[in-house]
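The residues making up each chain are set out below.
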Amino acid sequence: MAIRTEPFILNMGPQHPSTHGVFRMRVTLDGEVVLDVEPVVGYLHRGIEKLAEGRTYTQNIPFTDRLDYLASMTNNLAYVLAVEKLAGIEVPERAEHLRIIMAEMMRIASHLMAVGFFLNDLGAMMTPVLYMWREREKLLDLFEMVCGQRLTYNYMRVGGVSHDIPEEFLPALRRFVAEMPGLIDEYDQFLAQNEIVLARSKGVGVLPEDLAINIAASGPVLRASGVQWDIRRGDPYSIYDRFDFDIPVGSAGDCYDRYWVRVQEMRQSVRILEQAIPQLPQGEVCAKVPQLLRPPVGEVYGRIEAPKGELGFYLVSDNSIAPYRFRIRPPTLINLTALRDMVIGWKVADLIITFGSIDVCLGEIDR
Amino acid sequence: MTLLEQFQLWLGSIWPEWAAYITPAIIGVVVVLGFVLTTVIIFIYLERRLLGRFQIRTGPNRLGPEGIFQPIATALKVLLKEDIVPAKADKAVHWLAPVIVFAPILLIFAVVPFGKGAIFTDLNVGIVYVVAISSLSAVGIYMAGWASSNKYALIAALRAVAQMVSYELPVILSILGVVLMVGSLSMNQIVESQSIPFILLQPLGFVIFFLGTVAEMNRCPFDLLEADSEIVAGYHTEYSGMKFALFYLGEYGHAVAYSAIIATLFLGGWQGPLLPPIIWFLIKIVAVFCFIVWMRATLPRLRVDQLMAFAWKCLLPLAVINLFIIAAEVLWLPESMPWIMVVLNFAFAGVLILLWSKLFTLGGGRVEV
Amino acid sequence: MKFERYGIGIAKGMMVTFKHLFRSPITVQYPEEKLAVSRRIRGNELVWYPDRCTGCATCAKSCPHGNIEIVTHVGDENSYVVDKFEVDTGRCMFCGLCVESCPYEALAMGISYERAQYRRGDMVLSKDALLLSDIRRPSGYARPKVEVTLPKQTLLVYWDKDREEGGQKVNFLTLSKKRGRGV
Ligand code: SF4
Ligand code: SF4
């Protein structure tokens, strides 16, 4: 005989310790069991798409920093690639290599945050976060050395990058690349085999393969569900076709696999960095591009594999100095649409870790 | 005879009887209160510094040498904060809850032996008294959660009741093992009969008791009541100012009290060579507490259904088996050879934990809705 | 039959935290200890050199927010005289585009980072407030000549190794011993 119970609505957020920003979930609960989730987004809306229509192509680069503020470099990259495609600009070799180095460093930094906060959502009292912040901080130091900021880099330019690297950069990066695999091993030892982590995350928040494809999920969320799809391989941009790396693929599509895929991707990024550093050619870092760029009339969709998934920019040009339409395809907003299907029937605690394992960034969702 | 009773007798010879009865009692209360409050402050400092070092930070180190005045500053800050009561709160219950959480902790110390004869009152049912008193705070936590009229607090309150009830059983059963071996319920006797600490004689009982008490004092990995990543601050979400301070004191007071009980029951209490008993006792309390902090720095928390499953499917059967093993050993093993028992029980503990770990399943827990 | 889930993962994790207990903390005790920032830091506030500025307003045009307000009049010798050069640093996002675009190197990013104000109005900097001074120094962002004169950045990558800092060797361990004396 079932006891008659009455569901109640819990309003989680926008101010909540683990909503990773200002995100709100209207959760219908039956005791601890989640019956329904309704994400409410828009608390961080700044109208970047509209703002961008009134600014020149160069002036829009700092705005892309503020989309996914944990991975500004790749946002820059996606945008400038789209503009280059639109205007047909060739990028010098050295700039291509620098872009790849920066993008992979950014991927490591972003995944460190994702993994750390996923473990924090599991309840591990800030310790993994602080360990991973230490590594991320090393990367931020390097970014700061190159472009002068730690979070909003504004480093990529249409036609290349804004500055060449200083001479101290490569030795420091080499040292980081040398010690990072050992540190990842240590993190694996720290919590990856922990019984509590396994019990909490294995089989929890499963996103089946067909559903993942149908909602157009991308990035680690898609790969954890067993789909081998990485734009760096599937639709190579920049010079990714010259590097040798694996695409880690999960099998179960649960929270643990998403965590595992991210950790493996960090290892692969380190591998790409190892290959890119010795190859780095000398030369120009930016092509000659007029300050007020006027791309020919047309439209273009440029996409890259950002740390969180497929980040795309759809640009329409009317041959003026500003884009006519500036549309962003944010990976995490689209991944977030899977949340409801993943958590129904699970407990509140699972809702939190599933949400954490998607690794959202509200700057990108609300734009 | 405890020191306090001796003092009472001596006073009785010079003072009227009622004064001789009341004065030592008041002195005792003041001493216990002072002890609890100072250790709580020291423990808060210790935990923050230790957690800092585990997390490659420094921890608070600004106020006074190495930051030792930081807990005092924290206390002052909390006391000066505005006391906010939610408009729809049940005012009386909301007010009473922190007191009910905090008071039992002081009462526990009445039967904790700090040294030979240094015990407030040597109750002949000491350990039963501890168990009875310590479960009172569950009521306080439930009141806090209910009276706040906050959904997070309510979830925490319901979790609290389930958790306390479930973990009380294995804790009591593992205490029974100790009691069987000692043959007395008095805390003093328990300490005095530990020529070999019970952690060696009953390793399994110690593990069960330790995990159970960690769960009862809501510490990691069983800190579901204040799981900040899920339900904000749990039952004290709606508390501020002095009332919050009482919860905070209560949390650490619990930690002190249970560390003291663990030290008394399993680590030989105040017994130890060379150093004076009170020092040994404090060293043991601090050691237990440091271990708890270490766990907190490392472990994530369990989910609510896994927490229940752990209590009922793992700790409870193990505690029952442990009790039977101890009973059989007390009955049939010759008392002159305790070391056989040590070896035997370690073997039993290893085998049982290995066997039970086979029941451990990963994931799952989805409910069809 | 495999016995792998009996707590060995928990024990390993506990060992990792235990190892960290003996590693030196990476905290930097901020007001007493300051690490050298990047030579290219896009720090707070801009530095303006009136003698180099021609009043061309390229910087104002390249600013995404239109923070820079320039008013000029034509002086003698057919050059512009800058009457008003005002930057609202409260709206500035320190993107550095204005500095990059200045053709005469008359504008530079600042190197400082302790520039909090109590009022928004105080963040609007006019001509005189933007001049080079002891507290307002240029950073090397897009100014390679300035960049080489600045001290090298402290890097966390070398946190367990000796590192050069202002000519003398400092390592994070000795730093951590110096810490904790209170204010
Ligand atoms: S730094 Fe950027 S936002 Fe600030 S004034 Fe210069 S161009 Fe404008
Ligand atoms: S771009 Fe340079 S020279 Fe032109 S107005 Fe701005 S600061 Fe002066």
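To start, this report covers the structure provided alongside it.

**Things to note about the overall build of chain B**
Consideration 1: Regarding its fold elements, chain B presents 15 helices and zero strands.
Consideration 2: The C-alpha extent of chain B, read off along each of the three principal axes, is 65 × 65 × 40 Å.
Consideration 3: Looking at the 369 residues of chain B, the share that counts as buried comes to 53%.
Consideration 4: Taking as baseline every contact in chain B between residues at least 6 positions apart, the subset at least 24 positions apart corresponds to 75%.
Consideration 5: For chain B, the accessible surface area stands at approximately 15700 Å², while carbon and sulfur atoms represent 76% of it.
Consideration 6: Positive and negative charge centroids in chain B, built from 21 and 21 side chains respectively, lie 11 Å apart.

**A look at unusual backbone geometry**
Consideration 1: Phi is positive for S149 of chain B, which is not a glycine, with a value near 50 degrees.
Consideration 2: Turning to its location among the elements, S149 of chain B is positioned in the loop between α6 (136–147) and α7 (151–182).
Consideration 3: Positive phi is not limited to glycine here, since F94 of chain C has a value of about 50 degrees.
Consideration 4: Along the polypeptide, F94 of chain C turns up in the loop between β3 (80–88) and α3 (97–101).

**Some points on the interface of chain A and chain B**
Consideration 1: If you look at the interface, chain A gives 43 residues, while chain B gives 34 residues.
Consideration 2: Buried area between chain A and chain B, summed over both chains or domains, comes out near 3300 Å², and the portion from carbon and sulfur atoms is 64%.
Consideration 3: Its largest share of buried area at the contact with chain B, chain A owes to E32, M125 and I196 of chain A, together 17% of the area lost on that side.
Consideration 4: Taken together, chain A and chain B are joined by two salt bridges.
Consideration 5: Here R159 of chain B makes a salt bridge to E32 of chain A, at a shortest N to O gap of 2.5 Å.
Consideration 6: Looking at the side of chain A that touches chain B, the elements with two or more residues in it are β1 (8–12), β3 (33–40), α4 (93–121), α5 (127–147), α6 (169–192), α7 (195–201) and α14 (348–358) of chain A.
Consideration 7: Element by element, the count of residues in the side of chain A that touches chain B is highest for α7 of chain A, at six residues.
Consideration 8: Within the side of chain A that touches chain B, the residues separate by chemical class into 26 nonpolar, nine polar and eight charged.

**What to know about the site of ligand 2**
Consideration 1: Neighbouring ligand 2 are 14 residues; C53, C56, A57, C59 and C102 of chain C lie closest to it.
Consideration 2: Tallied by class, the residues present in the shell around ligand 2 amount to 11 nonpolar, three polar and no charged.

**Some thoughts on the packing of α7 of chain B against helix α10 (residues 203–216) of chain B**
All names here are of chain B.
Consideration 1: Where α7 meets α10, the axes come as close as 8 Å, and the angle between the chain directions of the two elements is 150 degrees. Taken together, the axes of α7 and α10 lie roughly antiparallel to each other. Between α7 and α10 lies a crossing whose hand is left-handed. Facing α7, whose interface residues are Q163, M164, Y167, E168, P170, V171, S174 and I175, α10 presents G205, I208, F209, G212, T213, A215 and E216.

**Describing the interface of chain C and chain A**
Consideration 1: In this complex, chain C contributes 46 residues to the contact, which on the side of chain A involves 42 residues.
Consideration 2: With both sides pooled, the region where chain C packs onto chain A buries about 3700 Å², and carbon together with sulfur makes up 51% of that total.
Consideration 3: Sorting the residues of chain C by area buried against chain A places R40, R42 and V157 of chain C first, and these three jointly supply 18% of that buried surface.
Consideration 4: In this structure, the connection of chain C to chain A is made through one salt bridge.
Consideration 5: Applying the counting criterion to the chain C and chain A interface returns 16 residue pairs in polar contact (both at pLDDT 80 or more).
Consideration 6: Looking at the side of chain C that touches chain A, the elements with two or more residues in it are α1 (8–21), α2 (58–62) and α3 of chain C.

**Some words on the packing of aromatic side chains**
Each aromatic ring pair is specified by the distance between its two centres and by the angle formed by the two planes.
Consideration 1: As enumerated under the stated definition, the model contains 26 aromatic pairs over all chains in all.
Consideration 2: The interplanar angle of 65 degrees and the centroid separation of 5.6 Å between the aromatic rings of Y79 of chain A and F313 of chain A together place this pair among those described as edge-to-face. You can see Y79 of chain A sitting in helix α3 (residues 72–87) and its partner F313 of chain A sitting in strand β7 (residues 309–317), a full 234 residues away along the chain.
Consideration 3: The class of Y79 of chain A is buried, set by a relative accessible area of 0%.
Consideration 4: Relative to F266 of chain B, the ring of F206 of chain B has its centre 5.6 Å away and its plane inclined at 65 degrees; by these criteria the two rings are edge-to-face. Placement of F206 of chain B in helix α10 and of F266 of chain B in helix α12 (residues 241–266) is noted, with a sequence separation of 60 residues between them.
Consideration 5: Counting every residue linked through ring pairs, the aromatic cluster contains F54, F206, F209, F210, F266, F291 and W294 of chain B together with F18 of chain C.
Consideration 6: Positioned over the ring face of Y240 of chain A is R232 of chain A, at 5.9 Å from the centre of the ring.
Consideration 7: Lying over the aromatic face of Y141 of chain C, R42 of chain C brings its terminal NZ or CZ to 5.2 Å of the ring centre.

**Things to note about the site of ligand 1**
Consideration 1: As a matter of local geometry, ligand 1 sits amid C63, P64, N67, I68, C92, M93, F94, C95, G96 and C98 of chain C.
Consideration 2: Its residues assigned to classes, the shell around ligand 1 shows eight nonpolar, two polar and no charged.

**Examining the pattern of salt bridges**
Residue and element names in this part refer to chain A.
Consideration 1: For the coordinates displayed, the defined rule picks out 40 salt bridges over all chains.
Consideration 2: The salt bridge involving D36 is made with R340; its shortest N-O contact spans 2.7 Å. On the criterion of sequence distance, the pair formed by D36 in strand β3 and R340 in helix α13 (residues 339–343) is long-range, its members being 304 residues apart.
Consideration 3: When the shortest N-O distance is used, the salt bridge between E179 and K138 registers 2.9 Å. One end of the pair, E179, is in helix α6; the other, K138, is in helix α5, with 41 residues separating them in the sequence. Residues E179 and K138 agree in their burial class; the two are buried.

**So, the sheet that holds β3 of chain C**
All names here are of chain C.
Consideration 1: The strand order across the open sheet built from three strands is β2-β3-β5, with neighbouring strands paired in antiparallel fashion. The open sheet has two edge strands with one neighbour each: β2 (68–74) and β5 (124–125).
Consideration 2: Where β3 and β5 come together, two bridges link them in antiparallel fashion. Across the sheet, D88 pairs through a bridge with V124, a residue of β5.

**Quick word on α1 of chain C**
Consideration 1: An ideal rise of 1.5 Å per residue puts 20 Å on 14 residues; α1 of chain C measures up with 20 Å between its terminal C-alpha atoms.
Consideration 2: On its buried face, α1 of chain C sits against α5, α6 and α7 of chain A together with α2 (17–54) and α13 (277–298) of chain B.

**Considerations on the nonpolar core**
Consideration 1: Within the largest apolar cluster, 102 residues are counted, with the highest numbers of intra-cluster contacts made by M102, M105, Y155 and F169 of chain A.
Consideration 2: Here this core spans two domains, and each of domain 1 (1–36 + 151–183) and domain 2 (46–149) of chain C adds at least three residues to it.
Consideration 3: Here M102 of chain A is in contact with M73, F143, V146, Y155, M156, I165 and F169 of chain A, once residues within four sequence places are set aside.
Consideration 4: Core analysis: the next-biggest nonpolar cluster, separate from the first, contains 88 residues, I196, F206, A215 and L265 of chain B among them.

**Topic: the sheet that holds strand β8 (residues 325–329) of chain A**
All names here are of chain A.
Consideration 1: Pairing within the open sheet is antiparallel, and its three strands lie in the order β6-β7-β8. Where the open sheet ends on each side, the last strands, each with one partner, are β6 (298–306) and β8. In this sheet, neighbouring strand axes are inclined to one another by 15 degrees on average, regardless of whether the strands run parallel or antiparallel.
Consideration 2: Summarising the sheet, β6 and β7 pair through nine bridges and their orientation is antiparallel. The residue bridging A306 from the neighbouring strand is G309, located in β7.

**With respect to the environment of L79 of chain B**
Residues and elements named next belong to chain B.
Consideration 1: You can see L79 is positioned in helix α3 (residues 70–80).
Consideration 2: As for L79 and F244, which are separated by 165 residues in sequence, their C-alpha atoms are 8.8 Å apart.
Consideration 3: For L79, the residues in contact, after removing those within four places along its chain, are M242 and A245.

**Here's the deal with a nonpolar patch on the surface**
Residue and element names in this part refer to chain B.
Consideration 1: Taken together, the side chains of I41, L63, I68, F69, I72 and L76 make up a nonpolar region of the molecular surface, amounting to roughly 490 Å² of accessible area.
Consideration 2: Positionally, F69 belongs in the loop between α2 and α3.
Consideration 3: Take F69: its relative accessible area is 42%, and that puts it in the partly exposed class.

**Topic: the side chain of T298 of chain B**
Consideration 1: With respect to the secondary-structure elements, T298 of chain B resides in helix α13.
Consideration 2: A relative accessible area of 0% places T298 of chain B in the buried class.
Consideration 3: Excluding anything up to four places from it in sequence, T298 of chain B contacts A124, F190 and L191 of chain A together with G13, M14 and T17 of chain C.

**Considerations on the environment of I208 of chain B**
Residues and elements named next belong to chain B.
Consideration 1: As for its placement among the helices and strands, I208 is situated in helix α10.
Consideration 2: Note on I208: relative accessible area 1%, which makes it buried.
Consideration 3: With 157 residues separating them in the primary sequence, I208 and L51 have C-alpha atoms 25 Å apart.
Consideration 4: Residue contacts for I208: discarding those within four places in its chain leaves P170, S174, L315, L318 and A319.

Rules behind the numbers
- Residues numbered from 1 in each chain as written.
- Chains lettered and ligands numbered in written order.
- Predicted model: local features only at pLDDT ≥ 70, side-chain atom pairs only at ≥ 80, totals over all residues.
- Heavy atoms only, no water.
- Helix = DSSP H or I, 4+ residues; strand = E, 2+ residues; numbered from the N terminus.
- Buried < 20%, exposed > 50% of the residue type's maximum accessible area, 1.4 Å probe, protein only.
- Contact = heavy atoms within 4.5 Å.
- Areas by Shrake-Rupley, 256 points an atom, 1.4 Å probe, with all protein chains shown as cover.
- Lys, Arg positive; Asp, Glu negative; His and termini not counted.
- Charge placed at Lys NZ, Arg CZ, Asp CG, Glu CD.
- Buried area = accessible area lost by both parts, 1.4 Å probe.
- Salt bridge = Lys/Arg side-chain N within 4 Å of Asp/Glu carboxyl O.
- Nonpolar A, V, L, I, M, F, W, Y, C, P; charged D, E, K, R; others polar.
- Near = heavy atom within 4 Å.
- Axes fitted to C-alpha atoms, helices over the stretch in contact; angles between N-to-C directions.
- Parallel < 35°, antiparallel > 145°, perpendicular 65-115°, else oblique.
- Left-handed = near helix turned anticlockwise from the far one by under 90°.
- Polar contact = N/O pair within 3.5 Å; in protein donor to acceptor, adjacent residues only side chain to side chain.
- Phe/Tyr/Trp six-rings, centres within 6.5 Å; stacked < 30°, edge-to-face > 60°.
- Lys NZ or Arg CZ within 6 Å of the ring centre and 35° of its normal.
- Pairing = 2+ DSSP bridges.
- Expected span 1.5 Å × (residues − 1).
- Core = buried A, V, L, I, M, F, W, Y, C linked by side-chain atoms within 4.5 Å.
- Domains from an automatic or database assignment.
- Patch = residues over 30% accessible without salt bridge, like charges linked within 9 Å, V, L, I, M, F, W, Y side chains within 5 Å.

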